[in-house]
Structures are given as C-alpha cells and as structure tokens.
Amino acid sequence: MNLIYTLDLIGTFVFAISGALTAASKKFDLFGAAVIAFVTAVGGGTLRDLLIGSQPVGWMQDLNYLYLIILAVPLSYVLRPYIQWLRHTMFMFDTIGIGIFTILGLQKTLSFGLEAPIAVMMGAVSAVFGGVVRDTLCNEIPLIFREEIYATACLAGGILFLLLATQIADTKLVTFITVAFIITIRVFAVRYKWRLPTGG
Amino acid sequence: MNLIYTLDLIGTFVFAISGALTAASKKFDLFGAAVIAFVTAVGGGTLRDLLIGSQPVGWMQDLNYLYLIILAVPLSYVLRPYIQWLRHTMFMFDTIGIGIFTILGLQKTLSFGLEAPIAVMMGAVSAVFGGVVRDTLCNEIPLIFREEIYATACLAGGILFLLLATQIADTKLVTFITVAFIITIRVFAVRYKWRLPTGG
Amino acid sequence: MNLIYTLDLIGTFVFAISGALTAASKKFDLFGAAVIAFVTAVGGGTLRDLLIGSQPVGWMQDLNYLYLIILAVPLSYVLRPYIQWLRHTMFMFDTIGIGIFTILGLQKTLSFGLEAPIAVMMGAVSAVFGGVVRDTLCNEIPLIFREEIYATACLAGGILFLLLATQIADTKLVTFITVAFIITIRVFAVRYKWRLPTGG
C-alpha cells in the first residue's frame, strides 16, 4: 500500500473522530455526529475537487474513506470518557492531518495544470475547510479564525514544498520535509501562543 | 408525461412552498422568500449534481423547475392564513418529496457509475440538503438534527431499493415500494416519536 | 487591455476591500480578513462557475485576481481610519461592482448554452453571492435580505440586457446601458428607501 494513500486514510480517520467528538460534546445524536464527522473528514478535499473540476469528488471513488468515517463515529462515543486524556493525542493527529492534506491537495492541484500560488491555496483549503464546516455546524467560531497559525502553517508549508521541489528531485522526501515543517510550526505556535496582528 | 418526472416536479413545488412559508414566518420580504423557496427546492439535487459532476446542474436544463418555484412563492403568501390547517397536508407533501428525491438521487448517482453505498448517501443528500440550507438561512436548527428519523428514513429507503433491485426487474415497481417505505417510516416515526440514541 | 476585463478586475478589487473592511470592523486578524476579502470578491463567480460547470473556476486561471485581492487586504487596514469618509465611495464602487458582475455573469451563462431566465439568475448570483458569504461569515444578516433592491436591481438589469440585445447589435453598448441601469436603480432605491412588500 502506497505511503501517501495510507497517510491520507489516517488523516481522514482522525478528522472524522475530531468531528464526531465535537458533535458529541454538543449533544448531537448519532446521525448528527456521523454528518459532522463526514463533512469534517472530506469537506476540504471536496471543496478543492469542485473548484479544480475533479469530479466525482475523491472520496466517492474509493469506499475506504466512507468506511473509515462510519467506523470513526461509534469509536468516538466509546472514546469520549477518555477525551481529556486524549486531547493531546487528538491535537497531534489533527496536526499530522493538516500537514498531509496540505501537501496532497497542493500536488493534486498542480496535476490539474494550475499555477503554483493557486496550488498553495488549494493545499490550505484541503487542510482547513473541513474544520471550518465542522465548527460552523456546531455553532463555534471556526478554528482558523481563533488559532491564527492554523492556516498560515499550511500556506507556509505549501510554499516550502514548491521551493524545495525546484532543488530536490525526490518528491517523497520533499513531502516528508514539508509535512514535518507544518507539524512543527503548528506545535510551536500553539505551545508559545504565536499570534498574527489583529485589525484593532 | 413520465411519472417520475411528474413526481419530481411535485416534490420541487412542495419543497418550494415549504421554503417560502418558513421565510414568510420569519418576516422575510418577497425576494428573500423566493431565495429560500429556491434553495429549499433545488439545494439537495444541486449538491448531488456538483459532487457527482453532472453540470450544468439539473434544474438549469429544464425551465419548468424554475417556473414552478416562482409560482410557489406568491401562492405561499396567499395560503399563509390557512397554514395551521395546512400543516398536515404540508407534512405529507414534504414526506412524499423526500421519498421521491431519495430514489431519484440514488438512481442518478448509480447512472454515473458510482458504487451502491455512495448512491445511498447521495439519495439522502438529494432529499434533505435543501431543507438544511432552508433552516440554516432562516436561523433554525436543521430539521435533520431535530427530527432524528428524517434522514435515516432516506438512507433505509435507499438500502431497501438496492436490495429489492437485485430481486425485482421492474424498476418502476421497486421505486414505488421504496418511496412508500420511506413515507411510512417517517409518518410512523413522527407519530410515535421514534428517537435515535444521543451522545449524552 | 479589454474594457470588460478591466472592469472585472476593478469589481474584484472593490469587493475584496469591502470584505476586508467588514472583517476588520469585526476584529478578525489579518488572515481572517484575507479569507473574507477573498470569498467576497470571488464567491459569486465561483458559485456560478460550479453550477454551469466551468472548471477550474475563473479566478484560478488568471493570477491577477488573486494578486489584487491580496493587495486589497493591507490597503483596507491602512484605509480604515478614513472609512467614514470613504463610505460613499465604497457604496459607489460596490454598486459598480454588482452592475458589472451581473452582466458578465449573464453573458458567461449564455455562452454555456443555457436559457435566458437561467442566465438572468446566474447574473444576479454572480453579483450578490460573495456578499452573502461575507455577511454570513461576519455574522450579519446578508445585505440581500436587508436591502430589498440589492438583488432585484441585478435581476431587472439582466432582463433589460436580454431585451436590448434583441434590438441592438452592439453588445458593448448594451452592456454599458444595463450596467448604468443597475447602478441607477440601486442609487435611487437606497436614497429614497424603496421597499418590497414583506410577508407580514
């Protein structure tokens, strides 16, 4: 099994859990939690696929995505009592998720013949849009507006990917470096509370 | 005139009325009511068409949908004084609507070569997404999150359709049975207040 | 440089400023303001392109749109202290924007072989949808629901364009007349507080 594909499935699974846990904390029923889990996991890739014209959208063409998301929902309800303990684990998985989704989204956009700045944007969109829909449906201010570095790390990682790709022929290596870069940036940003200037 | 097409037009018309009535109860002006009526009636099919890549989306290719929706708006304002009396009629039409839209959406998705579980999902999306947008724009918690059986009935009906289609060659008959099944499930669920477990 | 293209860029730029200023007034950070500016500027054209099946969507195929929007964000923060003074200027630019976007959206929809009533709708969608997303993300009631004439002027302008186009061969002239018509209608409507009937 392809490494990128495996990581993509892991990212999907973890985003689904994050969605289901958010829904459960808001007292949604199982069906509502499944909807939230689904849009969190596939929302970013779906928006990217619609904008670039890759249809049917990705998750429709491989049932493993659907099955992993369906599996994530009951699992989230079982895991809920341990969530306090799980919070750090979830944060790390979510961070790995945005790292992977950013670079995969960027690569797919480039493969459609679109220009580098558009690919960087689509990478970030792939990574963060699912969370935006999750937070909106759960009536919370989206994380990308609360945690400033969230999307910025994705954009910076995308730019780094493009720069390195001009120097290093091994795409797999560049992917690894930039995913690690995004993860590092976010972990440090959250730990040390990095902030962007506000318009006040 | 084709029976399925007729039912599709009826479903569109009734969903448009349901949207316009909701908007009128929120004191939207006529234009706002027309917007709500429109998205309620075509929202589900539009999302399905975008995801599977059927563009221009369905209602753009047959003006009868547009004309029926435009007709529904003033009619809703005329009918408003009788709405208390109409509530049961509306409930039945809405229920017929989701039954029809589920099976039509499922069949269209299959015709695009997508797999059965995806088609079941797209059937439910076709049926319920318009109502989600209506409730969101009118600042209400979407019906699919308040009335647990709403979408579940669509998913169950879709699965039944696929099961019966392997046994019965007459698609029209299978369509009838499964639409009736969805309607029956919802009517009983609402009457006897069936509930899914919550994450409390 | 083509006149229509120039006007399209101006409309994009002004809508981006309008989005960034709204975000700044809500104390969004720079990243949030950039997101709002972006969706305000390209939201309408993006929805139109998705519905008619023109993908990759328009702004992805010409980086000038992206660069103008990125430029608009810091500029908005610099301009903010003068915004009271700027309000009338902004209103005029926004009004010019919806005029242009309506006619461009209508023409693009017709070029995809869709019928006149659909083209009129897509013209209005191109003009107003970006503002709907801006207002929704900034937690305000969308302008199209507060200012009744906003979308109605776009629909009326679209109908006028189609009527004139049957009489006058010079598309550029018809475009000018109808854009001016939309601007005039909105200016008079806001000045004299024209209202549509409500469902009260």
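This section reports on the structure supplied with the text. (Residues numbered from 1 in each chain as written. Chains lettered and ligands numbered in written order. Predicted model: local features only at pLDDT ≥ 70, side-chain atom pairs only at ≥ 80, totals over all residues.)

Another point: the overall build of chain A. Within chain A, the secondary structure is distributed over eight helices and zero strands. Its C-alpha radius of gyration of 16 Å places chain A within 12% of the 16 Å reference for a compact globule of 200 residues. Taking the principal axes of its C-alpha atoms as reference, chain A extends roughly 50 × 45 × 30 Å. Taking all 200 residues of chain A together, 52% fall into the buried category. In chain A, once contacts between residues fewer than 6 apart in sequence are set aside, the share between residues at least 24 apart is 68%. (Helix = DSSP H or I, 4+ residues; strand = E, 2+ residues; numbered from the N terminus. Rg over C-alpha atoms; globule rule 2.2 N^0.38 Å. Buried ≥ 20, exposed ≤ 12 C-beta atoms within 10 Å, placed from the backbone. Contact = placed C-beta atoms within 7 Å.)

Once turned by 120° and shifted 0.0 Å along the axis, chain A lies on chain C with an RMSD of 0.0 Å. Taken together, the rotation and translation describe the operation of a three-fold axis. Within chain A, L50(A) has its C-alpha nearest the rotation axis, a separation of 4.1 Å. Comparing interface residues between copies, only 6% of those in chain A also sit at the interface in chain C, which points to a heterologous contact through distinct surfaces. (Least-squares fit on C-alpha atoms with pLDDT ≥ 70 in both.)

Between its first and last C-alpha, helix 1 (residues 3–25) of chain A extends 33 Å over 23 residues, near the 33 Å set by a 1.5 Å rise per residue. One or two steps after helix 1 of chain A, the chain reaches K27(A), where phi turns positive at roughly 65°. (Expected span 1.5 Å × (residues − 1).)

Right, let's get into the relation of the copies chain B and chain A. Note on the copies: chain B fits chain A at an RMSD of 0.0 Å, the axial shift is 0.0 Å, and the rotation between them is 120°. Of the interface residues in chain B, just 6% have counterparts in chain A that sit at the interface too, so the contact is made through distinct surfaces.

This part is about the environment of A151(B). On the secondary structure map, A151(B) appears in helix 7 (residues 149–165). Sequence separation between A151(B) and M122(B) is 29 residues; the distance between their C-alpha atoms is 11 Å. Setting aside residues no more than four positions away along its own chain, A151(B) makes contact with F31(A), A124(B), V128(B) and I144(B).

Turning to the packing of helix 5 (residues 116–137) of chain A against helix 7 (residues 149–165) of chain A, a few remarks are in order. Residues and elements named next belong to chain A. Following both chains from N to C, one finds helix 5 and helix 7 inclined at 140°, their axes separated by 9 Å at the closest point. When the axes of helix 5 and helix 7 are compared, the pair comes out oblique. Note that helix 5 runs across helix 7; the crossing there is right-handed. Facing A116, V120, G123, A124, A127 and V128 of helix 5, the residues of helix 7 in contact are Y150, A151, C154, L155, G158, I159 and L162. Considering only residue class, the contact of helix 5 with helix 7 consists of eleven nonpolar, two polar and no charged. (Axes fitted to C-alpha atoms, helices over the stretch in contact; angles between N-to-C directions. Parallel < 35°, antiparallel > 145°, perpendicular 65-115°, else oblique. Left-handed = near helix turned anticlockwise from the far one by under 90°. Nonpolar A, V, L, I, M, F, W, Y, C, P; charged D, E, K, R; others polar.)

In this section: the interface of chain B and chain A. Counting residues at the interface gives 18 residues for chain B, matched by 16 residues for chain A. Those elements that place two or more of their residues in the side of chain B that touches chain A are helix 2 (30–52), helix 5 (116–137) and helix 7 of chain B. The element contributing the most residues to the side of chain B that touches chain A is helix 2 of chain B, with three residues. Looking at the side of chain B that touches chain A residue by residue, the class counts come to eleven nonpolar, five polar and two charged.

Attention now goes to the nonpolar core. One broad trend across soluble globular proteins is that nonpolar side chains are buried collectively. The biggest cluster of nonpolar side chains holds 186 residues, and the ones touching the most others in it are A37(A), A37(B) and A37(C). Apart from residues no more than four positions distant in its own chain, A37(B) is found in contact with A16(B), G19(B), A20(B), A23(B), I69(B), A72(B) and V73(B). (Core = buried A, V, L, I, M, F, W, Y, C linked by C-beta atoms within 7 Å.)

Turning our eyes to something else, we now look at unusual backbone geometry. Here Q55(A) and P56(A) are connected by a cis peptide whose omega angle stands at -10°. By the element assignment, P56(A) lies in the loop between helix 2 (30–52) and helix 3 (63–79).

The next point concerns the environment of P56(C). Of the residues examined, P56(C) has 19 C-beta atoms within 10 Å and is grouped as partly exposed. Remark: the alpha-carbon pair of P56(C) and T46(C), spanning ten residues in sequence, is separated by 9.4 Å. When near neighbours in sequence (up to four residues on either side) are disregarded, P56(C) contacts L51(A), I52(A), G53(A), F112(A), L114(A) and Q61(C).

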